[in-house]
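Chain by chain, the residues run as shown.
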Amino acid sequence: SLLLIGVGTAMKNSDYDIIAGKISTGKSIVTVFTDHSRTPIKLSDKKYAKLYTSIVDNLDDLIPVCKGKAPKIIIGGHSASGSAAIKSVSRVERKPDGFIGLNPFD
């Protein structure tokens, strides 16, 4: 499975490392967190959808363990990214298999 989680604003990178470890311990899950960039994905469902589509379209190259497979793809986010994630679903062609909201805002 592939879990794409957007970050919130009040946590450190190390906090997300802990969450990723707990989510994927003992399971075949790759967890990807979006970054804190100058144009935050967390504030835009359009940007979240663009990132999601880019990852899905290039999955074999970006995450070699997924090569030749069709993993379940779960989206989500913490805080504002949770809102962007759920709103992005209507913008993507390949719908995700699930959603995880970590205290989604709005």
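Here's what I pulled together on the structure shown here. (Residues numbered from 1 in each chain as written. Predicted model: local features only at pLDDT ≥ 70, side-chain atom pairs only at ≥ 80, totals over all residues. Heavy atoms only, no water.)

Across its full length, the protein chain carries four helices and four strands. Computed over the C-alpha atoms, the radius of gyration of the protein chain is 13 Å, within 12% of the 13 Å expected from 2.2 N^0.38 for a compact globule of 106 residues. For the protein chain, the C-alpha atoms occupy an extent of roughly 35 × 30 × 25 Å along the three principal directions. The burial tally for the protein chain puts 35% of its 106 residues in the buried class. Restricting the contact set of the protein chain to residue pairs at least 6 apart, pairs at least 24 apart contribute 66%. Distance between charge centroids for the protein chain: 3 Å, based on 15 positive and 10 negative side chains. (Helix = DSSP H or I, 4+ residues; strand = E, 2+ residues; numbered from the N terminus. Rg over C-alpha atoms; globule rule 2.2 N^0.38 Å. Buried < 20%, exposed > 50% of the residue type's maximum accessible area, 1.4 Å probe, protein only. Contact = heavy atoms within 4.5 Å. Lys, Arg positive; Asp, Glu negative; His and termini not counted. Charge placed at Lys NZ, Arg CZ, Asp CG, Glu CD.)

The next point concerns the nonpolar core. Core analysis: the biggest nonpolar cluster contains 16 residues, and Leu-2, Tyr-48, Tyr-52 and Leu-59 have the highest contact counts within it. Excluding residues within four positions of it along the chain, Tyr-52 makes contact with Leu-4, Ile-73, Ile-75, Val-92, Arg-94, Lys-95 and Pro-96. (Core = buried A, V, L, I, M, F, W, Y, C linked by side-chain atoms within 4.5 Å.)

For strand β1 (residues 2–6), the tally of buried residues reaches five of five residues, placing the bulk of the element in the interior. Burial along β1 is two-sided: the face carrying Leu-2, Leu-4 and Gly-6 and the face carrying Leu-3 and Ile-5 are both buried. Across five bridges, β1 lies against strand β3 (residues 73–78) in parallel orientation. By the bridge assignment, Gly-6 is partnered in β3 with Gly-77. (Pairing = 2+ DSSP bridges.)

What follows covers unusual backbone geometry. Positioned with a positive phi, Ser-79 is a non-glycine residue whose angle comes to about 60°. Along the chain, Ser-79 falls in the loop between β3 and α4 (80–88).

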